[in-house]
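Listed below, chain by chain, are the residues.
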Amino acid sequence: MRLANKTCVITAAAQGIGYATALAFAQEGAHVIATDINLDGLKQLQTFSDRIDIELLDVTKAEQSTELARNYPQTDVLFNCAGWVPTGNILACYEEQWQHAFKINVDSMYYMIRAFLPQLLLRPNSSIINMSSAASSIKGVTDRFAYSATKAAVLGMTKSIAADYMAQGLRCNAICPGTIESPSLRQRIEQQAQLEHRSSDEIYQQFVARQPMGRIGRAEEVAALAVYLASDESAFTTGTFNYIDGGWTN
């Protein structure tokens with residue numbers, strides 16, 4: 001098993017990519033600390049494996065990140081998966097949305113990495129994985145102004161941490177998905193359908209149409225990439241942006 005004897009902390013593990021990754025990490029032998037604000041989702045996740053412990057965590061609260069790191073001082077892998085997808089262009093992005101987007105998508109990673117970094121540096125072949133997006137500095141996407149700005153910031157953070165700590169054995173990489181099937185995606189589709197007075201299926205097909213492979217990605221596919229980046233198989237990989245977008249950025 002590729003993650004045997006590793007302790008892995010995952011944020012936003014109650015659904016979507018975080019949920020799929022928690023299961024994949026556990027299947028590969030890791031001790032998984034699955035965190036989220038959604039306790040019901042975490043409890044459901046925990047029923048699948050005795051390798052998964054759950055913790056309530058609001059990633060926007062620095063003190064909670066610090067406490068979590070104190071409770072799990074032997075962590076080998078940190079997967080910053082929490083995020084929020086606000087829609088709209090700059091004129092539709094009021095200051096409240098702008099600040100909230102950075103709080104969830106960027107500040108949360110700052111808090112988590114600051115909290116866990118000292119112990120990660122003491123572990124052999126430790127790894128930080130940051131969730132970014134193809135919609136960032138990689139690709140311009142309409143009506144994703146605040147989201148793209150935050151995910152571009154994540155890429156800059158990833159490069160900086162990789163450069164600062166690679167000589168000490170810590171790796172830091174980013175995952176940049178395209179459109180992935182998830183409860184979050186379905187929620188955005190429903191909201192867009194209501195706003196535009198169109199059917200949910202029509203909006204869904206719109207998302208499919210922009211994927212060159214002709215389909216939406218699966219959370220399990222992103223989880224498989226996260227397993228690789230968490231494992232010692234990727235020991236020579238740091239500071240990278242890993243596209244998993246069905247050719248969207250090709």
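Residues numbered from 1 in each chain as written. Predicted model: local features only at pLDDT ≥ 70, side-chain atom pairs only at ≥ 80, totals over all residues. Heavy atoms only, no water.

In the annotation of an unreviewed UniProt entry, the entry for the protein reads SDR family oxidoreductase, and the organism field reads Acinetobacter rudis. As recorded by UniProt, the Sequence similarities (unreviewed entry) comment attached to the protein reads in full: "Belongs to the short-chain dehydrogenases/reductases (SDR) family." (UniProt positions renumbered as here; feature names shortened; annotations may be inferred.)

Undergrad: Teacher, can you tell me more about helix H6 (residues 183–196) here?
TA: The α-helix advances 3.6 residues per turn, and as a result positions three or four apart in sequence lie on the same side. The terminal C-alpha atoms of H6 lie 20 Å apart, and with 14 residues this matches the ideal 20 Å at 1.5 Å per residue to within 8%. Of all the residues in H6, the buried ones are Leu185, Arg188, Ile189 and Ala193. Seen along its axis, H6 keeps its buried residues to an arc of 135 degrees; they face one direction. In H6, the exposed positions angled more than 90 degrees off the buried face are occupied by Gln194 and Leu195. Residues of H6 that are buried make contact with helix H7 (200–209). One or two residues past the end of H6 sits His197, with phi positive at roughly 55 degrees. (Helix = DSSP H or I, 4+ residues; strand = E, 2+ residues; numbered from the N terminus. Expected span 1.5 Å × (residues − 1). Buried < 20%, exposed > 50% of the residue type's maximum accessible area, 1.4 Å probe, protein only. Arc of directions from axis to C-beta. Contact = heavy atoms within 4.5 Å.)

Undergrad: Can you walk me through the packing of helix H3 (residues 62–71) against helix H4 (residues 95–120) in this structure?
TA: For any two helices packed against each other, one specifies the crossing angle of their axes together with the interaxial distance. Two elements in contact, H3 and H4, have axes whose closest approach is 8 Å; the angle formed by their N-to-C orientations is 20 degrees. The angle between H3 and H4 places the two elements in the roughly parallel class. For the pair H3 and H4, the crossing hand works out as right-handed. Taken together, the residues of H4 that come into contact with H3 (itself represented by Ala62, Ser65, Thr66, Leu68 and Ala69) are Tyr111, Met112, Ala115, Phe116 and Gln119. Classifying every residue of the contact of H3 with H4 by side-chain character gives seven nonpolar, three polar and no charged. (Axes fitted to C-alpha atoms, helices over the stretch in contact; angles between N-to-C directions. Parallel < 35°, antiparallel > 145°, perpendicular 65-115°, else oblique. Left-handed = near helix turned anticlockwise from the far one by under 90°. Nonpolar A, V, L, I, M, F, W, Y, C, P; charged D, E, K, R; others polar.)

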